[in-house]
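Listed here are the chains, written in short residue letters.
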There are 2 protein chains.
Amino acid sequence: MAEQAETLHRTPLSRERVLRAAVALADEAGIESLSMRNLAQDLGVVPMALYKHVANKDELLDGMIDVVVGEIRAPEPGTDWKRAVRGRILSAREVLQRHPWAPLAIESRNMATPAILAYLDSTIGTFRAGGFTVDLTHHVMHAMGSRILGFSQELFDADRRAGRSGRADTDPPTALPPEIAARFPHVAEIAMAASHDDESVLGQGCDDQFEFEFALDLLLDGIERLHRHGWASARRPG
Amino acid sequence: MAEQAETLHRTPLSRERVLRAAVALADEAGIESLSMRNLAQDLGVVPMALYKHVANKDELLDGMIDVVVGEIRAPEPGTDWKRAVRGRILSAREVLQRHPWAPLAIESRNMATPAILAYLDSTIGTFRAGGFTVDLTHHVMHAMGSRILGFSQELFDADRRAGRSGRADTDPPTALPPEIAARFPHVAEIAMAASHDDESVLGQGCDDQFEFEFALDLLLDGIERLHRHGWASARRPG
DNA sequence: ACCTGAACACCGTTCAAGT
DNA sequence: ACCTGAACACCGTTCAAGT
């Protein structure tokens, strides 16, 4: 009975339970609310208890990143390299949209976690299986950059912040303040065109998913062209 | 005399002096050493004195970003859009290499500062002057993402961290630990090829500048193709 | 041996007391 | 009116005292 009470008291802490609670806290309250103290409180535990399962906060973040990257679907077998890479990156993007704090966390940690290395290894394998040379694969991976993990790489990624991961895919009209529009006329022109989404230019506003796939296909099409033309180091990617 | 002593005591603080000292501190000691307290000490001033010139730390960071973005060279007039954009992005990259903390700072601030808006406006203007439609320019700007500001967008950007902005362009051999190489054979294959830089594949190791220009030209060439073929929203970027 | 409260060395920022 | 020291509400982490 004493033993039962001991083990069941609040379900025993484990590294996995710590990491899952940390991811949930960051998802719901924003990464800036993730402190060792807040996390301990969520788990009904004294702060120092966490240090039995993670060495420090950096290692906690690494563990959280691995949880997130582990959610990315493996590519369907038997598809050609382009569909396989494209599908996997779009799956990665879906995952990151559930965890908007993750891109910044990954970028600020600067060493690859095991899950990320496994992801990269598998993606490199897809290119190699598609007949890419080692060196073209190398440059292509660099060229994809963090987009390979589904990062939008927008200069300003509104949804990447705090708790608000919602708010549909299409931006609200959000007209520029007039003095901004006057100082930056080219920015204003684009903002105006993108917000008149009913009649005009595109048939849609500034649709994140469209922009992401536009950029992704621009890269994949360029990569396909290099591959087909047998690109090798002497030539520039033109 | 009392007046002179008052005004000359330590050269009076100003917003500009605060921002320049903050940039210097972040450059030299790393962004994680930039605290209001450390900055005040560098300036020989009590911490609260800073709040006369910046509202809070976020505004300090915005100001630092504007200082950095202000260092980017304007494009040379009279060149075609592709050379103009390419040259400006490479100039931006040089600037960011002097301030390795800047990319992460910009990404985490999520609203455009005036200097960044001016930069974007001018770059959009270059595309428009080159004959790009408003909507193609729009998508192209999104596709460039933060690369437009010279970000490398590598998944792990070793030099972006702390004080160490030096260490040549070419990675040292840095052989993978054998157990990593065994678990991630495709990663190992590429790492090996890139480090045998004398004989092999590329005639160079993993050269950051080469990788950056490879990716940049991949994008610019793809963009040029869309523009020449009169891309419009109905078609996908193929 | 394990767990944990208090303490340490920091933060950014408020506020009231000094000039 | 201006300036600034002390204080407040936090951090991550160490450490020694308790069981």
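Please read these numbers as outputs of a predicted model, since none were measured by experiment.

Peer 1: Tell me what's going on with the environment of B:R93, and back it up with residues and numbers.
Peer 2: All names here are of chain B. Within the secondary structure, R93 sits in helix α5 (residues 81-98). Residues R93 and P114 lie 21 residues apart in sequence; the distance between their C-alpha atoms is 19 Å. Not counting residues within four places of it along the chain, the set of residues in contact with R93 comprises G150, S152, D208, Q209 and F212.

Peer 1: Talk me through the interface of chain B and chain A; I want residue IDs and the actual numbers.
Peer 2: Think of interface size as the accessible area that goes away when the parts come together; that is how it is often given. The interface is formed by 70 residues belonging to chain B together with 70 residues belonging to chain A. Between chain B and chain A the total buried area reaches about 6500 Å² when both faces are included, carbon and sulfur atoms providing 67% of it. The largest per-residue losses of area from chain B upon contact with chain A belong to B:L155, B:F156 and B:F214, which jointly make up 12% of the total buried on that side. At the boundary of chain B with chain A, the tally comes to 2 salt bridges. For B:R128, the salt bridge goes to A:E189, with nearest N and O atoms at 2.9 Å. The interface formed by chain B and chain A includes 10 residue pairs in polar contact (both at pLDDT 80 or more). Counting residues per element, the ones that place at least two in the side of chain B that touches chain A are α6 (102-109), α7 (114-129), α8 (134-144), α9 (178-183), α10 (185-195) and α11 (208-228) of chain B. Of all the elements, α11(B) adds the most residues to the side of chain B that touches chain A, at 13 residues. For the side of chain B that touches chain A, the per-class residue count stands at 39 nonpolar, 14 polar and 17 charged.

Peer 1: Can you tell me about the relation of the copies chain B and chain A, naming the residues and giving the values?
Peer 2: For the pair chain B and chain A, the superposition axis carries a translation of 0.0 Å, the fit reaches an RMSD of 0.0 Å, and the rotation angle comes to 180 degrees. Expressed as a symmetry operation, the mapping of one chain copy onto the other fits a two-fold axis. Here 100% of the interface residues in chain B have copies in chain A that are interface residues too; the copies meet face to matching face.

Peer 1: I'd love a proper account of the packing of α5(B) against α7(B), names of residues and values included.
Peer 2: All names here are of chain B. Close contact between α5 and α7 brings their axes to 9 Å; oriented N to C, the two are set at 155 degrees. As far as their axial angle goes, α7 and α5 are roughly antiparallel. In terms of crossing hand, the pair formed by α5 and α7 is left-handed. Packed against α5, whose contacting residues are W81, A84, V85, R88, I89 and A92, the element α7 presents Y119, S122, T123, T126 and F127 at the interface. A per-class count over the contact of α5 with α7 returns 7 nonpolar, 3 polar and 1 charged.

Peer 1: For the UniProt feature "domain: HTH tetR-type" (unreviewed entry) in chain A, give the residues involved together with the corresponding values.
Peer 2: UniProt's feature table lists "domain: HTH tetR-type" (unreviewed entry) at residues 12-72 of chain A, given in the numbering used throughout. Between the end C-alpha atoms of residues 12-72 of chain A the distance is 28 Å, and the span holds 57% helix and 0% strand.

Analysis parameters
Residues numbered from 1 in each chain as written. Chains lettered and ligands numbered in written order. Predicted model: local features only at pLDDT ≥ 70, side-chain atom pairs only at ≥ 80, totals over all residues. Heavy atoms only, no water. Helix = DSSP H or I, 4+ residues; strand = E, 2+ residues; numbered from the N terminus. Contact = heavy atoms within 4.5 Å. Buried area = accessible area lost by both parts, 1.4 Å probe. Salt bridge = Lys/Arg side-chain N within 4 Å of Asp/Glu carboxyl O. Polar contact = N/O pair within 3.5 Å; in protein donor to acceptor, adjacent residues only side chain to side chain. Nonpolar A, V, L, I, M, F, W, Y, C, P; charged D, E, K, R; others polar. Least-squares fit on C-alpha atoms with pLDDT ≥ 70 in both. Axes fitted to C-alpha atoms, helices over the stretch in contact; angles between N-to-C directions. Parallel < 35°, antiparallel > 145°, perpendicular 65-115°, else oblique. Left-handed = near helix turned anticlockwise from the far one by under 90°. UniProt positions renumbered as here; feature names shortened; annotations may be inferred.

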